[in-house]
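Okay, here's what each chain looks like letter by letter:
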Amino acid sequence: MSDQSSLAMAAKAKAMYGKHLKSDDYTELLRKKTVQEIAGYLKNETAFKSVLQGINEFAIHRGHLEMLIRQTFYLDFLELIRYGQSNKDHFYEYGVLMIEMKQILMTIRLLSETDKTNQIAQLPIFANRMISFDVEKLIKVNTFDELLMVLKNTPYYNLLKPLKPRSVLDIDYANFEVVLKSYYYKRVYEIIDKEFTGKDKQDIRDLFDTQIELENITKIYRLKKYYNASPNEIKKVLNPTYKRIQKKVLDEWIDNKDAQAFLLAVNQNAYDIPTDIKEFQYIEYQTDAIMFDLNKRLMRFSTNPNIILVSYLSLLEIEIRNIIDIIEGIRYKVENDKIAKLLIY
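Residues numbered from 1 in each chain as written. Predicted model: local features only at pLDDT ≥ 70, side-chain atom pairs only at ≥ 80, totals over all residues. Heavy atoms only, no water.

Peer 1: Mind showing me how you'd approach the overall build of the protein here?
Peer 2: A count of helices and strands for the protein gives 17 helices and zero strands. The C-alpha radius of gyration computed for the protein amounts to 21 Å, which stays within 12% of the reference 20 Å derived for 345 residues, consistent with globular compactness. Referenced to the eigenvectors of the C-alpha coordinate spread, the extents of the protein come out at roughly 55 × 50 × 45 Å. For the protein, the residues scored as buried account for 50% of the 345 residues in total. Across the protein, the fraction of contacts at a sequence separation of at least 24, relative to all contacts at a separation of at least 6, is 63%. If you sum the accessible surface of the protein, you get close to 17700 Å²; carbon and sulfur atoms cover 49% of it. Each charge class in the protein was averaged separately, 50 positive and 48 negative side chains, and the resulting centres sit 1 Å apart. (Helix = DSSP H or I, 4+ residues; strand = E, 2+ residues; numbered from the N terminus. Rg over C-alpha atoms; globule rule 2.2 N^0.38 Å. Buried < 20%, exposed > 50% of the residue type's maximum accessible area, 1.4 Å probe, protein only. Contact = heavy atoms within 4.5 Å. Areas by Shrake-Rupley, 256 points an atom, 1.4 Å probe, with all protein chains shown as cover. Lys, Arg positive; Asp, Glu negative; His and termini not counted. Charge placed at Lys NZ, Arg CZ, Asp CG, Glu CD.)

Peer 1: So what exactly am I meant to see when it comes to the pattern of salt bridges here?
Peer 2: Close approach of charged atoms allows side chains with opposite charge to pair. Under the counting rule described, the total for this entry stands at 24 salt bridges. For Glu57, the salt bridge goes to Lys43, with nearest N and O atoms at 3.0 Å. Here the residue Glu57 occupies a position in the loop between α4 (49-52) and α5 (62-84), and Lys43 occupies one in helix α3 (residues 35-45), the gap between them amounting to 14 residues. Among the ionic pairs, Glu190 bridges to Arg187, the shortest N-O distance being 2.9 Å. Taken together, the positions of Glu190 and Arg187, both in helix α10 (residues 173-195) and three residues apart, correspond to about one turn of that helix. (Salt bridge = Lys/Arg side-chain N within 4 Å of Asp/Glu carboxyl O.)

Peer 1: Mind showing me how you'd approach the packing of aromatic side chains here?
Peer 2: How two aromatic rings sit relative to each other is given by the distance of their centres and the angle of their planes. Following the criterion strictly, the structure yields eleven aromatic pairs and no others. An angle of 85 degrees between the planes, with centres 6.2 Å apart, marks the rings of Phe133 and Tyr156 as edge-to-face. One end of the pair, Phe133, is in the loop between α7 (117-121) and α8 (144-150); the other, Tyr156, is in helix α9 (residues 155-160), with 23 residues separating them in the sequence. The exposure class assigned to Phe133 is buried, which follows from its relative accessible area of 4%. (Phe/Tyr/Trp six-rings, centres within 6.5 Å; stacked < 30°, edge-to-face > 60°.)

Peer 1: Even after reading the chapter, I still don't get the packing of α10 against helix α11 (residues 198-227), so can you show me in this structure?
Peer 2: Any two packed helices are characterised by how steeply their axes cross, that is the angle between the axes, and by the distance between the axes. Direction vectors running N to C along α10 and α11 enclose 165 degrees, while the axes themselves pass 10 Å from each other. One way to sum up the angle between α10 and α11 is to call them roughly antiparallel. With respect to the hand of their crossing, α10 and α11 are arranged in left-handed fashion. Seen from α10, the contacting residues are Val178, Lys181, Tyr184, Tyr185, Val188, Tyr189, Ile192 and Asp193; seen from α11, they are Lys201, Ile204, Arg205, Phe208, Asp209, Gln211, Ile212, Glu215 and Lys219. Among the residues making up the contact of α10 with α11, the classes are represented as nine nonpolar, one polar and seven charged. (Axes fitted to C-alpha atoms, helices over the stretch in contact; angles between N-to-C directions. Parallel < 35°, antiparallel > 145°, perpendicular 65-115°, else oblique. Left-handed = near helix turned anticlockwise from the far one by under 90°. Nonpolar A, V, L, I, M, F, W, Y, C, P; charged D, E, K, R; others polar.)

Peer 1: Is there a simple way to explain unusual backbone geometry in this structure?
Peer 2: Backbone phi values are negative for most residues with the exception of glycine, while trans is the configuration of most peptide bonds. Despite not being glycine, Asn228 has its phi angle at roughly 50 degrees, a positive value. Within the secondary structure, Asn228 is located in the loop between α11 and α12 (231-236). Among the residues examined, Asn228 registers a relative accessible area of 70% and is labelled exposed. One non-glycine residue, Lys333, lies in positive phi territory at about 60 degrees. Residue Lys333 is classed as exposed on the basis of its relative accessible area of 74%.

And the structure:
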């Protein structure tokens, strides 16, 4: 990436992030009583006005609003890589790989479902031209064989074919997630090794290493607390990446600690995750909050455009999830303070 395009992408991402939701915006959104009121505020008072322009906020359906909000992720991704993409720079491919992986996993998770509304709402139609398969065909997939046909000419075909279940009732979703995420991170690190040097390479590796380690912590805690999984079962689903916790130490914790003791060990030795049940929300909230703070810091202080790209998209993803949580909370008439506890900002 040239110095000029680097500066353009970094400046654009920082400017875009500066227009996203602030604390006052969340306060206003939590005051709204209907989906239509939320749509009106987002359309008229926030950066989401670009994706919501032209809608009738007084008549919009919840599903349509959520679909438009989710499309912001793909539109912003395409907007940013337009500034930084060149024949020599291919780091943006990490975002394409992430989109592909998430769409495949969602399709696998919903194979037994007849209602495809949620999948349609998250379809990256604006990014389809960059993806290695036709994502719109995924909403017509009802069997594993049909999924394989959509993925026929991609690396995913050979990854998933050996895992073909006897029926949709025999699908081991966790196994598919392990295989696809392992492939995703392998490709990301290959791109990093090719595209980066020096401190920039270390910084971007640190970011992904931390993300993987927090995902491992989440899996360990959930498997211990809710599934009483054995140490061997837990270790099989982990990505072998270690940032703040050495492998030997992590293995010892997996072998000998229950869920609460494991959480305490993480808190005392690696990450500030609350262990007091009164403060503890759910494990994904705690790990996402750590990544949010890290990415927010990088957005503010990093000068590397690719790190800024990763951080911007990570922060945007959490913001979109916040909005969806508010919409869903209002739909089901959840109390405001309970909705607020789900939000990360």
